[in-house]
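Chain residues, written in single-letter form:
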Amino acid sequence: DAATDLRDKQESLEDLLEAKALVQEAALFCQTSCQEKISHIVTRCLEAVFGESAYRFELKFEEKRNQTEATALLVDSDGNELSPTDGVGGGV
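Criteria and thresholds
Residues numbered from 1 in each chain as written. Predicted model: local features only at pLDDT ≥ 70, side-chain atom pairs only at ≥ 80, totals over all residues. Heavy atoms only, no water. Helix = DSSP H or I, 4+ residues; strand = E, 2+ residues; numbered from the N terminus. Buried < 20%, exposed > 50% of the residue type's maximum accessible area, 1.4 Å probe, protein only. Polar contact = N/O pair within 3.5 Å; in protein donor to acceptor, adjacent residues only side chain to side chain. Contact = heavy atoms within 4.5 Å. Pairing = 2+ DSSP bridges. Axes fitted to C-alpha atoms, helices over the stretch in contact; angles between N-to-C directions. Salt bridge = Lys/Arg side-chain N within 4 Å of Asp/Glu carboxyl O.

Caption draft 1: Expanded view of the side chain of Ser39. If you trace the backbone, Ser39 turns up in helix H1 (residues 2-50). Relative accessible area serves as the criterion here: at 14%, Ser39 is assigned to the buried category. At 3.4 Å, the side chain of Ser39 and the backbone nitrogen of Leu59 are in polar contact. When residues no more than four places from it in sequence are discounted, the contact partners of Ser39 are Phe57, Glu58 and Leu59.

What follows is the structure, encoded as structure tokens:
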């Protein structure tokens with residue numbers, strides 16, 4: 001009957017919303033882990049080339065148009081954020 005069908009659809013919706021929340025939680029964990037590892041590795045490489053404390057690499061994630069977008073930044077010793085492609089005399 002219609003009431004049973006509605007109840008089944010509501011249960012399915014609840015299951016889907018719970019699954020969505022789990023996927024989002026896993027994605028955030030992966031994003032954070034990758035962000036930390038990539039930032040660490042690139043910062044170490046920058047230190048090898050430019051010396052310690054010259055630059056720090058940061059990978060920032062932002063939600064734009066319902067998509068997660070990553071932005072790469074260099075941070076100099078004064079805390080200024082620079083683009084790696086054009087913020088440092090032609091790019092790092």
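Now, onward.
Caption draft 2: Region of the structure containing the environment of Thr68. Assignment of secondary structure puts Thr68 in strand E2 (residues 67-76). It is 9.8 Å that separates the C-alpha atoms of Thr68 and Gln31, two residues lying 37 residues apart in sequence. Every residue in contact with Thr68, bar those within four places of it in the chain, is listed here: Gln31, Phe61, Glu62 and Glu63.

Caption draft 3: Just the pairing of strand E1 (residues 55-64), in detail. Strand direction decides the pairing type here: E1 and E2, joined by 10 bridges, are antiparallel. Looking at E2, one finds that Arg56 is bridged to Val75. Between E1 and E2, which pair antiparallel in sequence order, lie 2 residues; one of them, Arg65, sits at a positive phi of approximately 50°.

Caption draft 4: Representation of the sheet that holds E1 in the model. Pairing is antiparallel in the open sheet, where 3 strands are placed in the order E1-E2-E3. Two strands bound the open sheet, and with one partner strand each, they are E1 and strand E3 (81-82). Helix-sheet contacts for H1 involve E1 and E2, and the interaxial angle to E1 is about 150°.

Caption draft 5: Region of the structure containing the pattern of salt bridges. Under the defined criterion, the tally for this structure stands at 6 salt bridges. For the salt bridge of Glu62 with Lys64, the shortest nitrogen-to-oxygen distance reads 3.7 Å. For Glu62, a relative accessible area of 38% corresponds to the partly exposed category. Glu69 is the salt-bridge partner of Arg65, the closest N and O atoms lying 2.7 Å from each other. Judged by its relative accessible area of 70%, Arg65 is exposed.

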